[in-house]
Amino acid sequence: MPLRLITGPPNSGRTERLIELIDQSRTREPVLVVPSVSDIFAWERRLTGETGAATGLRIVHFRDLCSEILEMAGKPPLPGAGPLRRRKLMADAVAKEWREEAGRLETQPGFVDALLDLVDDFRESMIDPDTLGDRIEAAGLGHLSRLEAVYRAYLAGLEGSRFTDGPQVASEAVLSLPRSWPEGRPLFVSGFDDMTGQQVELIRRLVVGNSGVEVTITITHESGRATPGEPGTETPENPATRFSDWMVASLESLGEGVESEAFERVDPEDQEVAPLLDAVAGRLLRPPTDGVPLLEPGPQLKVFDSSGLRNQAEALGAEVARLISGGVEPGQVAIVTASPSAEGRLLAEVLERYRIPAGLEAETGAGATAIGASLSALLRALADGTAEDLIAWLRGPLGPGQEIVDRLEFECRRYGESTAEGAARRLARAGAGDPPGWRELVEARGSKDRGAIPRVVRGLVEAMTDRVLSRSDRWPPPAEAVLEARTAGAIAAATGEIEEIISDPRGQASELLRTLENGTIAVWSSPTAGAVLITSPYSIRGKRFEHVLIASVQEGGAFDRERPGPFLSRTDRSSLGMPPRTDPEDQERYLFYAALTAATKGVVISCMSSDEAGSALRPSPLVGLVEGLFESKPERGGRRASSPAFPPREAPSPREFARTLAASTHDGGWQEERAAEVVDRATDLGIEGVWGAGLTDLPDELARAEAIDLRTRTLGPLRNRALLEDLAAGSFGPTTVEAFAACPYGWYVQRLVSPETFGPDPDPLKVGQAVHEVLQRLFEERAGERPEPKAIEAWLEEARRIVD
């Protein structure tokens, strides 16, 4: 058969069947298409596991497949336009065809990005400008005609630039089929649980137009079935796999030559997945079946509830440390979070602090790195000329030092210096010289040399990279330093693209600032082998780990990647023949299910009931659905704000163990002769295995922890007689009592020490102070009186006098 669909839930044998078919076709040079680069690595490991090598097979992602198709057709693709060039081409198209909206190009940077998403969506749906125009006219959607004109102008600009982009390469590759595909060469597709119209059309042309090509696709999908081991029980289709309904329906409609091979969930005894996890996956999201008892809790599934991201990260890090101390390889553990670019760096930092190797798989915007944020501050200072931005630049990697910058900021606030130029002069007068790069950048912006701004910026990011890498004595450098270095390289590459498309130095500086702040410049962090993987639910699809920890399972989680955009309503999309957007709830359920079923031995589901400030957060309803499958609550865990130290047996590192001991003894007076005693205690608890060589650091860590504990445990006694008399004689308002109850340290500093800020008080504070002073004087002058209605005018007149 030309098209074979292999469907079924995770752990049902689909992957093994695909491997079997690939092995049978090795002599015909098969191609395996997967969604991402990380999937390529995973499949390489899977196919070379036993022999260490595999021949006769290519593994690619869809973009490379399209490029290869064009190569075979004798039409190699043009160089790809980078994100900056694409944004410039779209901005030019708007300026030409939608002039009344051209003003948004400066004030609303997201306007261009939304239009690019829409144009890409049209092409992925196989709708060219002529087809779009016909459908707009047929549906009576004349208000969308501007979109057709902008779409047409963008493609014309792209063609005239002698560049191309991903969706255009895909369109041209699809149109070259089937004649450009070698007859008899099999194509396998795995890991795509949703497909674009272009991808479905590519499959259709191969299947329908070339009977000698065999295409095999595996899809995570599960319809109604009987529960294994429980005859007579029929379950409805799995709502978790509704996400892939459209893809399955689209492929099954390609013709009579479609052969479906549906796999069902196999008995737990016949697979490597823990029976409890298999039962949870099989029952999750389905209505309860009559006569089927609830599950008994087991150590294979835990639910963590923490307060705040930091506590959650430390709780998950401690659980990973426990697993590794029990013999689990770090590479067999994955932490899944909906926002790895935002939360992943904190998770990686905590794991590194616990001496656990971690690899972050995420795209990080340049603005979220030290080098990108520092350069943004410098470019803002160049554009707006504020001292605040220049000071932010000086606090970056190339700054002269913290004390010098603190002094500069103090002087600028004290003397009202608000300009970047004035702050630069003050820094020079203080003997610290000019701010690094400042004069060079000012001169470059005013020159006529097209390459001046890019040269200065490249020099600055190179110097920042050297500074960042030199701060670590480790080799290879830590993940944070590597990310900074890769960001510097991406910024340097972007300056080259800006130099090509913008000639005016002022425009170059403005465009570079925009791209740094809107996330256009971003780098992909690739995880290293043998480390704990921190990744997204999208990336973990189809992979297998012994243990998976799912972080931040919150209500309204950030799972919706199919933004509807501001230009087309659901009705508009339907009228134009575009595929419907996936329901965000279906996405969330499917991705949670994908993360849950990636584990073979253990799962931790982690949520937060509050943030660091104590504001309430709501766990996702999915947490309750999982817990509802059990007779009693699954094992609980997590870290609360009220637990600053780990229990001794759960300490994930020597430092955390030392903090625990220091917090529990309070006697201070660390003596070296106690070193052997503390080491013996850690050994007796059986927790030293997670630390490796770190056990020898324990005495030093305990000395450090006890010194900090003695210094910070209590607020020293007040000895100032005048202050004590004032406190004894005074009375305190409710807000004062609340402030003291929340934090005595904060109360002492804010209410008694009352430090003066560098700058002027904000207006609301000034107004509040004036109101309090007026009321105080008013009631002092009219002691014993009350503002009765008949005397209110006299009170108001007195208040006016006090205000004056």
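Coordinates for the structure precede this section.
Residues numbered from 1 in each chain as written. Predicted model: local features only at pLDDT ≥ 70, side-chain atom pairs only at ≥ 80, totals over all residues. Heavy atoms only, no water.

Student: Looking at this structure, I do not really get the environment of R283. What am I missing?
Tutor: As for its position among the elements, R283 is in helix α12 (residues 275-283). Judged by relative accessible area, R283 falls into the partly exposed class, the value being 22%. Through-space distance from the C-alpha of R283 to that of V626 is 9.1 Å; in sequence the pair is 343 residues apart. (Helix = DSSP H or I, 4+ residues; strand = E, 2+ residues; numbered from the N terminus. Buried < 20%, exposed > 50% of the residue type's maximum accessible area, 1.4 Å probe, protein only.)

Student: What is the right way to look at the side chain of Q312 in this model?
Tutor: Here Q312 shows up in helix α13 (residues 309-325). Apart from the residues within four sequence positions on either side, Q312 is in contact with S306, E343, A551, S552, S606, C607 and M608. (Contact = heavy atoms within 4.5 Å.)

Student: Can you walk me through the pairing of strand β2 (residues 31-34) in this structure?
Tutor: When a strand is regular, its side chains alternate between the sheet's two faces. Side-chain alternation along β2 places V31 and V33 on one buried face and L32 and V34 on a second face that is also buried. Sheet topology places β2 next to strand β3 (residues 58-61); 4 bridges connect them, and they run parallel. Of the residues in β3, the one forming a bridge with V33 is V60. With 3 bridges joining them, β2 and strand β4 (residues 187-189) adopt parallel strand pairing. From the neighbouring strand, L32 faces β4, where its bridge partner is F188. (Pairing = 2+ DSSP bridges.)

Student: Just checking my understanding: could you explain the environment of E29 for this structure?
Tutor: Structurally, E29 can be placed in the loop between α1 (14-24) and β2. Given a relative accessible area of 51%, E29 falls into the exposed group. Spatially, the C-alpha atoms of E29 and T55 are 8.7 Å apart, while their sequence positions differ by 26 residues. When near neighbours in sequence (up to four residues on either side) are disregarded, E29 contacts G56 and R185.

Student: How do you make sense of the sheet that holds strand β9 (residues 301-307) when you look at a structure like this?
Tutor: Strand pairing within a sheet occurs via backbone hydrogen bonds; the two strands may be parallel or antiparallel. Across the sheet, 7 strands lie side by side as β11-β14-β10-β15-β16-β9-β17; this open sheet has parallel pairing. Edge strands, defined here as strands with exactly one partner in the open sheet, are β11 (358-360) and β17 (635-637). The average angle at which neighbouring strand axes cross in this sheet is 20°, direction not considered. Of the pairings in the sheet, the one linking β9 to strand β16 (residues 599-610) comprises 7 bridges and is parallel in character. Note that in β16 the partner of V303 across the bridge is I605. Relative to β16, α12 is tilted by about 60°, and along the sheet it contacts β9 and β16. Contacts from helix α14 (residues 340-353) reach β10 (333-336), β11 and β14 (532-535), with the element oriented near 160° to β14. (Axes fitted to C-alpha atoms, helices over the stretch in contact; angles between N-to-C directions.)

Student: Teacher, can you tell me more about the pattern of salt bridges here?
Tutor: A pair can form between side chains of opposite charge whenever their charged atoms are brought close. Enumeration over the complete set of coordinates arrives at 56 salt bridges. Salt-bridge contacts for R322 lead to E319; the nearest nitrogen and oxygen are separated by 2.7 Å. Highlighted residues: R322 and E319, both in helix α13, separated by 3 residues, approximately one helical turn. Owing to a relative accessible area of 42%, R322 belongs among the partly exposed residues under this scheme. Owing to a relative accessible area of 8%, E319 belongs among the buried residues under this scheme. As a salt-bridge pair, R439 and D434 come within 3.6 Å of each other at their nearest N and O atoms. We classify D434 as partly exposed; its relative accessible area is 40%. By sharing partners, the salt bridges in this structure join R4, R17, E20, E259 and E261 into a single network. (Salt bridge = Lys/Arg side-chain N within 4 Å of Asp/Glu carboxyl O.)

Student: What am I meant to see in the nonpolar core here?
Tutor: Within soluble globular proteins, side chains that are nonpolar generally end up buried alongside one another. Residues L375, L390 and W393 are the most contacted members of the largest nonpolar core, which totals 45 residues. Mapped by element, the contributors of at least two residues to this core are α15 (370-384), α16 (387-394), α17 (402-414), α18 (420-429), α19 (438-446), α20 (452-470), α21 (479-501) and α22 (505-517). For this core, the element with the most residues is α20, which contributes 8 residues. (Core = buried A, V, L, I, M, F, W, Y, C linked by side-chain atoms within 4.5 Å.)

Student: Would you explain the side chain of R4 in this entry?
Tutor: Tracing the sequence through the fold places R4 in strand β1 (residues 3-8). Look past the residues within four positions of R4 in its chain and what remains in contact with it is R17, L21, V215, T216, I217, E259 and E261.

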